[in-house]
Amino acid sequence: MRSGSERGEAGAAAVEVVVMAKHPTPGQVKSRLAATLGAETAADFQRAFVLDLAARLDAAGIAVWWAVWPPDAPFHDVVPGARVLPQEGADLGERMGGVARRLLAGGAGGVVLLGADVPHVHLAEVRAAVQALERGEVPVVLGPAADGGYYLLGLARLVPEIFRDVAWGRPDVRSVTEARLGALGVAYRLVADDFDVDEPADLRRLAERLRQGDLVLPHTAAVLARAGVS
């Protein structure tokens, strides 16, 4: 996939892929995992997810931006050479909207946002979202998550209403988003369902994915083993 500074054959601006990532600071990440496994282990998982996702995206030739929280976090200590944007805003909606606004205003042909808590994401779904925006098929793409939210959001243009007054983390985030898109008359497409890793049960599901043998996440596998998750 092209980086945002390149152009397609028809001269269209490229779609940018962005990972929304918190810096893996103990006590500041994965609170639901920390409640069971402790703050240090939760931060270890966050770091492992970022490293494994970075490796998979790089190996697939998918150039990404890393949108980092806190905005002044030393993220290059985690992923050296990463293209970094600061997240800014009072809540997740403001931060996602701000990142999308900045890239679209800078000339991107679209933006695909991912969470860092899907190191196992099917890269074919990321490519499908990018291609749908590149081809102008729909202005919005959603990747439904098992917890009722979404793990992927693609935008060909900013739709600010989907970022405002949303109770992030609740199981109705996706349904609220779809209802607002419907009310606005904004067409959207779904890519395949997946899950993000927030709860201990999600870790067990991820461990099962790794046992199937079609996915390699070495950093995550090492933390799963240390944490005794199977």
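None of the values given here were measured: they were computed from a predicted structure. (Residues numbered from 1 in each chain as written. Predicted model: local features only at pLDDT ≥ 70, side-chain atom pairs only at ≥ 80, totals over all residues. Heavy atoms only, no water.)

## Some details on the overall build of the protein
Counting its secondary structure elements, the protein contains seven helices and seven strands. Counted from the first residue to the last, the protein has its helices and strands arranged as β-α-α-β-β-α-β-α-β-β-α-β-α-α. Compactness check: the protein gives a C-alpha radius of gyration of 17 Å against a globular reference of 17 Å for 230 residues, within 12% of the reference. Seen through its principal axes, the protein has C-alpha atoms that stretch 50 × 35 × 35 Å. By residue count, 50% of the 230 residues in the protein fall in the buried class. Looking at the protein alone, contacts between residues at least 24 apart form 63% of all its contacts between residues at least 6 apart. (Helix = DSSP H or I, 4+ residues; strand = E, 2+ residues; numbered from the N terminus. Rg over C-alpha atoms; globule rule 2.2 N^0.38 Å. Buried < 20%, exposed > 50% of the residue type's maximum accessible area, 1.4 Å probe, protein only. Contact = heavy atoms within 4.5 Å.)

## Section: the environment of D202
Here D202 is to be found in helix α6 (residues 200–211). On the basis of relative accessibility, which here comes to 16%, the residue D202 falls in the buried class. Here the alpha-carbon distance between D202 and A146, two residues 56 residues apart in the chain, equals 9.9 Å.

## Observations concerning the packing of helix α2 (residues 39–59) against helix α7 (residues 218–227)
How two helices sit against one another is set out by the angle between their axes and by the gap between those axes. Running from N to C, α2 and α7 cross one another at 160°; their axes reach a closest spacing of 7 Å. Classified by the angle their axes make, α2 and α7 are roughly antiparallel. The crossing of α2 and α7 is left-handed. Each of T41, D44, F45, A48, F49, L51 and D52 in α2 lies in contact with α7, whose residues at this interface are P218, H219, T220, V223, L224, R226 and A227. A breakdown of the residues in the contact of α2 with α7 according to their chemical character gives eight nonpolar, three polar and three charged. (Axes fitted to C-alpha atoms, helices over the stretch in contact; angles between N-to-C directions. Parallel < 35°, antiparallel > 145°, perpendicular 65-115°, else oblique. Left-handed = near helix turned anticlockwise from the far one by under 90°. Nonpolar A, V, L, I, M, F, W, Y, C, P; charged D, E, K, R; others polar.)

## Quick look at the pattern of salt bridges
What the rule picks out here adds up to 11 salt bridges. Salt-bridge contacts for E16 lead to R83; the nearest nitrogen and oxygen are separated by 3.5 Å. Note that E16 is positioned in strand β1 (residues 15–22) and R83 in strand β3 (residues 83–86), a separation of 67 residues in sequence. Taking the relative accessible area as the measure of exposure, E16 reaches 5% and is therefore buried. The exposure class of R83 is partly exposed, given its relative accessible area of 26%. Here D117 makes a salt bridge to K30, at a shortest N to O gap of 3.5 Å. On the criterion of sequence distance, the pair formed by D117 in the loop between β4 (110–115) and α4 (123–134) and K30 in the loop between β1 and α1 (31–37) is long-range, its members being 87 residues apart. Here D117 and K30 have matching classes, each one buried. Counted as one network, the salt bridges with shared partners bring together K30, R32, D117, D198 and E199. (Salt bridge = Lys/Arg side-chain N within 4 Å of Asp/Glu carboxyl O.)

## A few points about α6
The terminal C-alpha atoms of α6 lie 17 Å apart, and with 12 residues this matches the ideal 16 Å at 1.5 Å per residue to within 8%. The inward-facing, buried residues of α6 contact α1, α2 and α7. After α6 finishes, the residue G213 shows a positive phi value of roughly 85°. (Expected span 1.5 Å × (residues − 1).)

## Remarks on unusual backbone geometry
Note the cis peptide between W69 and P70, where omega equals -5°. Residue position: P70 is located in the loop between β2 (64–69) and β3. One non-glycine residue, K30, lies in the positive phi region at around 45°. Overall, the relative accessible area of 13% leaves K30 in the buried class. In this structure, D165 takes a positive phi of about 55° despite not being glycine. Looking at the secondary structure, you find D165 in the loop between β6 (150–155) and α5 (173–184).

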